[in-house]
Amino acid sequence: MLCARDENGAKLASRLMKRGEVCALPTDTVYGFSGIVGGEMDAAKKIKLLKSSSQNAREKPFIQLVSSVFDITSRTPDSIPEKILSLLPNALTIIVRTPTAENPFCTTAFRYPRDEWLLSVIKMVGSPIYSTSANKSGGEIITSAKKIESDFPSLALVVDGGEKKNSIPSTIVRIEKGSGVTVIREGVVKV
């Protein structure tokens, strides 16, 4: 189903994601497949099925979109430098350590987007949501909602945010132990 990027679209997207569905949402960069992070409704498996162009497709972790700086700092023991935090909200993805009992070396990529509509969706969901480019793994990024809807008919919802041609991807940085910062990809935000 295709819907507008308005308040009703935000409410519908959040309601569907809370039920474990995957939606295609316009982000502050490109369209992304999104679904709820964690719990019984975690959408990671459904998103991986959408993205996989083959059984051997390389699995990459998904970015988690959050609605505040606290949503990042409260989930990591890393000390994120003030110069990085001062750039938020923005198209800046921050990779931090998020150790668990099962995996003490686990990391997670977070982005606190500037887009007010997208932030409203995340707040309505009440938890981080996954975001990964709306395409098959290794395929060309799709820049229109109608093309996403036709290529991925199993999606619960596609929100039309207009053409996303020539969008610059987010900048990705990794926080190193001791507050160091490594730029993984230079994108729209200059670090």
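Everything numeric here is computed off the predicted structure, so don't read it as measured data.

Describe the side chain of Asp78, and please don't skip the residues or the numbers.
Position of Asp78 among the secondary structure elements: in the loop between α3 (70-73) and α4 (82-85). Beyond its immediate stretch of four places on either side in the chain, Asp78 contacts Val96, Arg97 and Ile175.

Describe the pattern of salt bridges, and please don't skip the residues or the numbers.
Following the criterion strictly, the structure yields seven salt bridges and no others. Arg75 is the salt-bridge partner of Asp71, the closest N and O atoms lying 3.8 Å from each other. For Asp71, a relative accessible area of 18% corresponds to the buried category. Where Asp151 meets Lys147, a salt bridge forms, and the shortest distance between an N and an O atom there is 3.0 Å. Placement of both Asp151 and Lys147 in helix α6 (residues 145-151) is noted, with a separation of four residues, approximately one turn of the helix. With relative accessibility at 35%, the residue Asp151 sits in the partly exposed group.

Please give an account of the pairing of strand β7 (residues 129-133) that cites residues and values.
The side chains of a regular strand alternate, residue by residue, between the two faces of the sheet. The buried fraction of β7 amounts to four of the five residues, a majority that puts the element mostly inside the structure. Pairing analysis gives two bridges linking strand β3 (residues 31-34) to β7, with the strands arranged antiparallel. Directly across from Gly32, in β7, lies its bridge partner Ser133. In this sheet, β7 lies alongside strand β4 (residues 63-65) in antiparallel orientation, the contact comprising three bridges. Directly across from Ile63, in β7, lies its bridge partner Ser131.

Calculation rules
Residues numbered from 1 in each chain as written. Predicted model: local features only at pLDDT ≥ 70, side-chain atom pairs only at ≥ 80, totals over all residues. Heavy atoms only, no water. Helix = DSSP H or I, 4+ residues; strand = E, 2+ residues; numbered from the N terminus. Contact = heavy atoms within 4.5 Å. Salt bridge = Lys/Arg side-chain N within 4 Å of Asp/Glu carboxyl O. Buried < 20%, exposed > 50% of the residue type's maximum accessible area, 1.4 Å probe, protein only. Pairing = 2+ DSSP bridges.

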